[in-house]
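So you can see what is in the structure, the chains are spelled out below.
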Amino acid sequence: MSPRISFFILALTLFLAVASSDIATPAKGPPAPFAYYGPRGAPRWGRLSPQYSACSKGKIQSPININRNETVHNKNLKPLIREYKPANATLVTSVCNIGVQYEGDCGVLTMDSKNYTLKKMHWHSPSEHRINGVRYPLELHLVHMGENTAYSVVAILYQYGSPDPFIAKLKDSLDKLTNEVKAGEQDAHIPLGILDTKLVGKRTRKYYRYMGSFTTPPCTENVVWHILGKERTVTKEQVEALKAPLGIAYKVNERPLQPLNGRKVELYKEFRVPKP
């Protein structure tokens, strides 16, 4: 065998080894930037990074449209017990949305006799979930984590009307956050001190439950979603205040609806004894 042929075989062997290594072990690194529209928009998330593959290949993705006539009334579902308490919090921007992060114990969601600790909340405008095809101006996600990194998200839909009292408490901090972003602060955050979250923890008599995913990359699945049946109200000014710190590419941060792929949406509705 000539030296030239031997060198070619060696080079080819090394190339195939490197190529197979890249296929078997996706490149690791910082999360790839994404947007909601354009070349890095939601329909292309799954192509931006191997870490985001579930965004395009997942079968139980969120958000979805909830058709009331197709929900399944599950009599075995229990009331959602949400016991939140005051805790130290920070108002932050995660590029694609505005949210509140908590430090320490700020309360739990009890679901199926298991506790899920409230970790953070954030807003999407317009709403990501829809009811009978209706899109709402705002949606709040309350993210809870249980054992073995199990997640459950409680979603609250808002329609225009009276001011929301919880968002009203954040007005000055939202203005400060906007000013920090405009000043070029990359890691903008505003300490809120001890924040009482009871205003978003009111008891609900109706909710929808289904298995889905996070609605931003990496679109992690097996998230238990609870969409509260009673909408709350918010003003246009409050919605604009939540959008103000965001860049132009994220002012509208709604992921398109995802197919159900055979999933059933369960309904919990509290039975109320009629008054005599």
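Residues numbered from 1 in each chain as written. Predicted model: local features only at pLDDT ≥ 70, side-chain atom pairs only at ≥ 80, totals over all residues. Heavy atoms only, no water.

J.: Give a detailed account of the environment of Arg 203, specifying residues and quantitative values.
T.: Relative to the elements of secondary structure, Arg 203 occurs in the loop between strand 12 (189-195) and strand 13 (206-213). Accessibility expressed as a relative area gives 58% for Arg 203, which makes it exposed. Of the polar contacts made by the side chain of Arg 203, one reaches the side chain of Glu 270; its length is 2.6 Å. (Helix = DSSP H or I, 4+ residues; strand = E, 2+ residues; numbered from the N terminus. Buried < 20%, exposed > 50% of the residue type's maximum accessible area, 1.4 Å probe, protein only. Polar contact = N/O pair within 3.5 Å; in protein donor to acceptor, adjacent residues only side chain to side chain.)

J.: Summarise the packing of aromatic side chains; cite the residues concerned and give the values.
T.: All told, the structure shown has seven aromatic pairs when counted by the stated rule. Both rings, one in Tyr 151 and one in Phe 214, keep their centres 5.1 Å apart while their planes meet at 70 degrees; by these two values the pair is edge-to-face. Highlighted residues: Tyr 151 in strand 11 (residues 151-160) and Phe 214 in the loop between strand 13 and strand 14 (221-228), separated in sequence by 63 residues. Residue Tyr 151 is classed as partly exposed on the basis of its relative accessible area of 25%. With a centroid separation of 4.9 Å and an interplanar angle of 20 degrees, the aromatic rings of Tyr 207 and Tyr 268 are classed as stacked. In this pair, Tyr 207 sits in strand 13 while Tyr 268 sits in strand 16 (residues 266-269), placing the two residues 61 residues apart along the sequence. When the ring centre of Tyr 160 is taken as origin, the NZ or CZ atom of Lys 236, which lies over that ring, is 5.6 Å away. (Phe/Tyr/Trp six-rings, centres within 6.5 Å; stacked < 30°, edge-to-face > 60°. Lys NZ or Arg CZ within 6 Å of the ring centre and 35° of its normal.)

J.: Give me the lowdown on the confidence of the model for the protein, citing residues and values where you can.
T.: Of all residues in the protein, 87% have pLDDT values of 70 or greater, and the mean over the chain is 88. Confidence drops under a pLDDT of 50 for residues 1-27, and excluding neighbours within four residues, the segment shows four contacts in the predicted structure. (pLDDT = per-residue confidence, 0-100. Contact = heavy atoms within 4.5 Å.)

J.: Describe the pattern of salt bridges, listing the residues and the values that go with them.
T.: Taken as a whole, this structure holds seven salt bridges when the rule is applied. Here Asp 175 ties to Lys 171 by a salt bridge, and the two come within 3.3 Å at their closest N and O atoms. Note that Asp 175 and Lys 171 are positioned in helix 5 (residues 171-182) at a spacing of four residues, about one turn of the helix. Residue classification places Asp 175 among the partly exposed residues on the basis of a relative accessible area of 34%. (Salt bridge = Lys/Arg side-chain N within 4 Å of Asp/Glu carboxyl O.)

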